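Fold and geometry: a report
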Amino acid sequence: MEPAELKVAIKRRLREELAFISNPEFSDPQLGKQVFDQSLELAPRKAELGIAAVRRSGIDMPIHLGRLCEAPLLNPEQERLLFQRMNYLLQQAEVHRSQLNPQRPSRVRMELIDRLIALAEWHRDRIVEANLRLVFSIVKKFVNPNNNFDDLLSDGIVALIRAVEKFDFDRGFRFSTYATQVIRRNSYRTVVVKQQERQKTVGGLQDLDLDITDEGRESAISEKRWHELRSRLSVMLDDLDRREKLIIRARFSLGSHRKVHTLQSLANRLGVSKERVRQLERRAMEKLRAMAGKANLAELEPQ
């Protein structure tokens, strides 16, 4: 990097504080040599482990997903050493990060920090891949017509990574005990939030006099029709002005809004009175009803 680019990179690095689990033993100047002198002795990946994981899942999914589960489980000593090394490397990176100075940029120190972080991520990834079968076994229990395996698996892997980054290896219990709780709680939250969003969106569409379900024929519309309805609603929302769009999304918990907002909270956010928000909401609903009346939604009704 050129000097100017290096200064920008240093400023960016100073804004990004490194997260790790500290430990009193990290202050020992001999610790680095001790932990890296020990061999991890990780077993090689085995294709049969991945194939077995796919078969046990009971889910109809591509066989290539089994490659995620080819890493053997870690024994307690390997697990502790990986966590110890990962957090120690991040702690060392943080020590050097705190010494960065944009006015006296050091390319060598920046390269050292990047190398320490890369090594920490390598150790993190070894922990993650050894526990992916745990994610498979948990998320498959939450699969239903409205929550597919792929989405739950992606969310579960993110939860697993987060669990690795927050686990204190010095507490005396296995990581799988902690990770199971994190992944299960995350999967449950994903299902509940999606269901709440679905119910509120359906309620909003019903307020527009759109008959989108028929309990006598089906328990719910198909996933394809559901996404089509959401797409149509999104298009209609785009025809509202900025404040109307914000109010409708917030009132019906659409998009990034994970909870229903009160009229008063929206009034505070927009800097207007509560009654004015009510008027804007009423005007927006009238516009949406008019647009819904013109839209051809017959093909979206349940068959």
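Residues numbered from 1 in each chain as written. Predicted model: local features only at pLDDT ≥ 70, side-chain atom pairs only at ≥ 80, totals over all residues. Heavy atoms only, no water.

Looking at the overall build of the protein chain
Applied cut-off: In this text, helices come from DSSP runs of H or I with a minimum length of four residues, and strands from runs of E with a minimum of two, each type numbered from the N-terminal end. With a 1.4 Å probe rolled over the protein chains alone, any residue whose accessible area is under 20% of its type maximum counts as buried; one over 50% counts as exposed, and the rest are partly exposed. Reported accessibility uses the Shrake-Rupley method at a 1.4 Å probe radius. Residues are deemed covered only where the shown protein chains occlude them.
Scanning the protein chain for helices and strands turns up twelve helices and zero strands. Of the regular secondary structure in the protein chain, the N- to C-terminal order runs α-α-α-α-α-α-α-α-α-α-α-α. Taken over 303 residues, the protein chain has a buried fraction of 42%. Per element, the accessible surface of the protein chain, about 17500 Å² overall, is 49% carbon and sulfur.

Some remarks on unusual backbone geometry
For Glu 41, which is not a glycine, the phi torsion comes out positive at approximately 50°. Among the secondary structure elements, Glu 41 is positioned in the loop between α2 (31-37) and α3 (47-57).

Overview of the packing of aromatic side chains
For the record, the criterion: Pairing of aromatic rings covers Phe, Tyr and the six-membered ring of Trp, with a centre-to-centre limit of 6.5 Å; geometry is then stacked below 30 degrees between planes, edge-to-face above 60, and tilted otherwise. For a ring to carry a charge above it, either NZ of a lysine or CZ of an arginine must fall within 6 Å of the ring centroid while also lying within 35 degrees of the normal to the ring plane.
Inspection of the entire model under this criterion finds eight aromatic pairs. Where Phe 83 meets Phe 175, the ring centres are 5.3 Å apart and the plane angle is 50°; that geometry is what we call tilted. Taken together, the residues Phe 83 in helix α4 (residues 76-97) and Phe 175 in helix α8 (residues 175-207) connect sequence positions 92 residues apart. Each of the two residues, Phe 83 as well as Phe 175, counts as buried. The rings of Phe 83, Phe 167, Phe 173, Phe 175 and Tyr 178 are connected pair by pair, giving a single aromatic cluster. The ring of Trp 122 has Arg 126 sitting right over it, with the charged end atom 4.9 Å from the ring centre.

With respect to helix α10 (residues 242-251)
Filter applied, for reference: Any pair of nitrogen or oxygen atoms within 3.5 Å is treated as a polar contact; in protein, a donor-acceptor pairing is required on top of that, and neighbouring residues in sequence qualify only through side-chain atoms on both sides.
Buried residues of α10: Glu 244, Lys 245, Leu 246, Ile 247, Ile 248 and Ala 250, and no others. N-capping of α10 is provided by Asp 241, with a side-chain oxygen placed 3.2 Å from the backbone N of Arg 243.

Concerning the nonpolar core
Which entries qualify depends on this criterion: Note on terminology: a nonpolar core comprises buried Ala, Val, Leu, Ile, Met, Phe, Trp, Tyr and Cys residues joined through side-chain atoms within 4.5 Å. The contact definition used throughout considers only heavy atoms, calling two residues in contact when any of these lie within 4.5 Å.
In this structure, Phe 83, Val 135, Leu 160, Val 164, Phe 175 and Ile 183 are the most contacted members of the largest nonpolar core, which totals 50 residues. For this core, the secondary structure elements donating two or more residues are α1 (3-15), α2, α4, α5 (107-130), α6 (132-139), α7 (149-166) and α8. Filtering out sequence-adjacent residues up to four positions away, Val 135 remains in contact with Leu 153, Gly 156, Ile 157, Leu 160 and Ile 183. Core analysis: the next-biggest nonpolar cluster, separate from the first, contains ten residues, Leu 237, Leu 240, Met 285 and Leu 288 among them.

Structural notes on the confidence of the model for the protein chain
Our working definition: Values of pLDDT, the confidence the predictor places in each residue, fall between 0 and 100.
For the protein chain, the mean per-residue pLDDT works out to 82, and 80% of the residues sit at or above 70. Segment residues 297-303 is flagged for pLDDT under 50; beyond a separation of four residues in sequence, or across chains, it makes 20 contacts in the model.

Let's talk about α6
In terms of burial, α6 is a largely internal element, seven of the eight residues being buried. Listed in full, the buried residues belonging to α6 are Leu 132, Arg 133, Leu 134, Val 135, Phe 136, Ile 138 and Val 139.

Quick word on the packing of α6 against α7
Cut-off, in case you're wondering: Fitted lines through C-alpha atoms serve as axes, helices being fitted only where they are in contact, and the angles separating the N-to-C directions of these axes extend from 0 to 180 degrees. Roughly parallel refers to an angle under 35 degrees, roughly antiparallel to one over 145, roughly perpendicular to one between 65 and 115, and oblique to any angle outside these ranges. Two helices crossing with the near one rotated counterclockwise from the far one by less than a right angle form a left-handed crossing, whereas a clockwise rotation gives a right-handed crossing. The nonpolar class holds Ala, Val, Leu, Ile, Met, Phe, Trp, Tyr, Cys and Pro. Asp, Glu, Lys and Arg form the charged class, and all remaining residues, Gly among them, are polar.
Between α6 and α7, the shortest axis-to-axis distance is 9 Å and the interhelical angle comes to 135°. Taken as axis vectors, α6 and α7 run oblique relative to one another. The element α6 and its partner α7 pack so that their crossing is right-handed. Each of Leu 132, Val 135, Phe 136 and Val 139 in α6 lies in contact with α7, whose residues at this interface are Phe 149, Leu 152, Leu 153, Gly 156, Ile 157 and Leu 160. Taken together, the residues that form the contact of α6 with α7 break down as nine nonpolar, one polar and no charged.

Observations regarding the packing of α10 against helix α11 (residues 263-270)
Running from N to C, α10 and α11 point in directions that differ by 145°, and their axes come no closer than 11 Å. As for how α10 packs across α11, the hand of that crossing is right-handed. Only Leu 263, Leu 266, Arg 269 and Leu 270 of α11 make contact with α10, whose side of the interface consists of Arg 243, Leu 246, Ile 247, Ala 250 and Arg 251. Partitioned by chemical class, the residues of the contact of α10 with α11 number six nonpolar, no polar and three charged.

What to know about the environment of Leu 73
In this structure, Leu 73 sits in the loop between α3 and α4. Considered as a pair, Leu 73 and Ala 130 are 57 residues apart in the sequence and their alpha carbons are 5.2 Å apart. Sequence-distant contacts of Leu 73, that is, excluding residues within four places in its chain, are made with Gln 78, Ala 130 and Arg 133.

Some points on the pattern of salt bridges
We count it as follows: We define a salt bridge as a contact between a side-chain nitrogen of Lys or Arg and a carboxyl oxygen of Asp or Glu at a distance within 4 Å.
Per the counting criterion, the structure on display carries 16 salt bridges. Its salt-bridge partner being Arg 278, residue Glu 275 comes within 3.2 Å of it at the nearest N-O pair. Residue Glu 275 and its partner Arg 278 are located together in helix α12 (residues 274-294), separated by three residues, close to a single helical turn. When salt bridges that share partners are traced, they join Arg 45, Glu 70, Arg 126 and Glu 129 into one network.

Overview of the side chain of Glu 281
For Glu 281, the position within the fold is in helix α12. Taking the relative accessible area as the measure of exposure, Glu 281 reaches 14% and is therefore buried. With sequence-adjacent residues up to four places away left out, Glu 281 is seen in contact with Ile 247, Ile 248, Arg 251 and Leu 263.

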